[in-house]
Amino acid sequence: MLCRLAAALLVGHASGYSGALASLRSARAIDLSTNRELPLLDGLDAKARTLVYVLPQAGEFDSCEACELLSAVRDDLEAADISLRVVAIGDGAAGTRFAAANGLPDGVLRMDPEASLHRELDLHRGPDWSWPEFVSDDALRFVLSTLPGGAPADAARLRPVADAWLRYLAMCAGIAAPGTLP
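Residue numbers run consecutively from 1 along every chain, following the written order of its sequence. Since the coordinates come from a predicted model, pLDDT governs what is reported: local features require at least 70, and pairs of side-chain atoms require 80 or more to be given and counted, while whole-chain, interface and lining totals use all residues. Note that the side-chain values use all heavy atoms of the structure and ignore hydrogens as well as water.

Chemist: Explain unusual backbone geometry to me, please; I cannot follow it from the model alone.
Modeler: Most peptide bonds take the trans configuration, and most residues that are not glycine carry a negative phi. Look at Asn35: it is not a glycine, yet its phi comes out positive at around 60°. We count a stretch as a helix when DSSP gives it H or I for four or more residues in a row; a strand needs E for two or more, and each element gets its number in order from the N terminus. Within the secondary structure, Asn35 is located in the loop between strand 1 (28-31) and strand 2 (36-39). Overall, the relative accessible area of 54% leaves Asn35 in the exposed class. Here the phi dihedral of Asp81 falls at roughly 60°; this positive angle occurs in a residue that is not glycine. Tracing the sequence through the fold places Asp81 in the loop between helix 4 (74-79) and strand 4 (82-89). Whether a residue is buried, partly exposed or exposed follows from its accessible area with a 1.4 Å probe, protein chains only, as a fraction of its type maximum: under 20%, in between, or over 50%, in that order.

Given below as structure tokens:
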């Protein structure tokens with residue numbers, strides 16, 4: 001669905017996706033150059049065509065592959081006068097590392113730490129699981145230290161970030177993620 005959504009928005013045939021288009025226009029995400037929350041489409045030529053690619057968690061394998069491919073066709077997009085904006089779940093520090101590792105030019109990637117756009121677009125969230133309260137914060141910090149982005153510095157974000165990774169990893173296993181596995 002995501003590729004169809006991106007293609008529909010790109011070519012301007014968004015009648016069936018008008019709600020998604022409105023969501024993209026009103027979405028806000030972290031701009032890596034300022035580390036401030038700005039409108040997702042801020043800085044793009046309003047008259048040019050724009051490809052908005054919505055990734056899951058920054059740093060996971062599908063996101064890396066998609067950005068490698070987008071980087072490879074960057075010149076073709078520019079030649080066709082198509083602006084590129086990529087948004088992923090994660091914080092600014094993870095986004096900076098992710099963009100550098102995957103060849104995304106400055107200004108292309110924006111980060112959505114709370115997955116607000118993903119929820120608004122009704123993208124798959126995976127199972128509605130959370131880490132049980134008996135799992136200590138230290139244990140969660142350890143688990144998150146093994147994953148891209150690591151544990152957040154803000155203690156209030158520790159459990160939400162850990163829960164997001166738990167749901168994401170379950171989705172990778174095909175749990176509550178239709179079409180993930182054949």
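Chemist: I'm lost on helix 3 (residues 61-72) in this one. Help?
Modeler: The periodicity of an α-helix, 3.6 residues per turn, causes residues three or four positions apart to be oriented the same way. Over its 12 residues, helix 3 extends 17 Å from the first C-alpha to the last, a length consistent with the 16 Å expected when each residue adds 1.5 Å. Those residues of helix 3 that sit buried are Ser63, Ala66, Cys67 and Leu70. In a view along the axis of helix 3, the buried residues occupy a sector of 95°, so they form one face of it. Across helix 3 from its buried face, at more than 90 degrees, point the exposed residues Phe61, Leu69 and Ala72. Whether two residues are in contact is decided by their heavy atoms: any pair within 4.5 Å suffices. If you follow the buried residues of helix 3, they end up packed against strand 3 (49-57), helix 4, strand 4 and helix 5 (92-102). Expected helix span is given by 1.5 Å per residue-to-residue step, counting one fewer step than there are residues. Directions pointing from the helix axis toward each C-beta atom define the arc.

Chemist: When you look at the packing of aromatic side chains in this model, what are you seeing that I'm missing?
Modeler: Centre-to-centre distance and the angle between the planes together describe a pair of aromatic rings. Side-chain rings of Phe, Tyr and Trp, where Trp is taken by its six-membered ring, are said to pair if the distance between their centres is within 6.5 Å; with planes under 30 degrees apart they count as stacked, over 60 as edge-to-face, and otherwise as tilted. Enumeration according to the criterion identifies one aromatic pair in this entry. A ring pair is formed by Trp165 and Tyr168, whose centres lie 5.7 Å apart and whose planes are at 85°; its orientation type is edge-to-face. Of this pair, Trp165 and Tyr168 are both found in helix 8 (residues 158-172), three residues apart, which corresponds to roughly one turn of the helix. On the basis of relative accessibility, which here comes to 5%, the residue Trp165 falls in the buried class.

Chemist: Explanation requested: the pattern of salt bridges in the structure shown.
Modeler: Close approach of charged atoms allows side chains of opposite charge to pair. Throughout this description, the term salt bridge denotes a Lys or Arg side-chain nitrogen within 4 Å of a carboxyl oxygen of Asp or Glu. A complete count under the given rule lists six salt bridges for this structure. Taking the shortest distance from any N to any O, the salt bridge between Arg157 and Glu114 comes out at 2.7 Å. Highlighted residues: Arg157 in the loop between helix 7 (137-145) and helix 8 and Glu114 in the loop between strand 5 (109-112) and helix 6 (116-120), separated in sequence by 43 residues.

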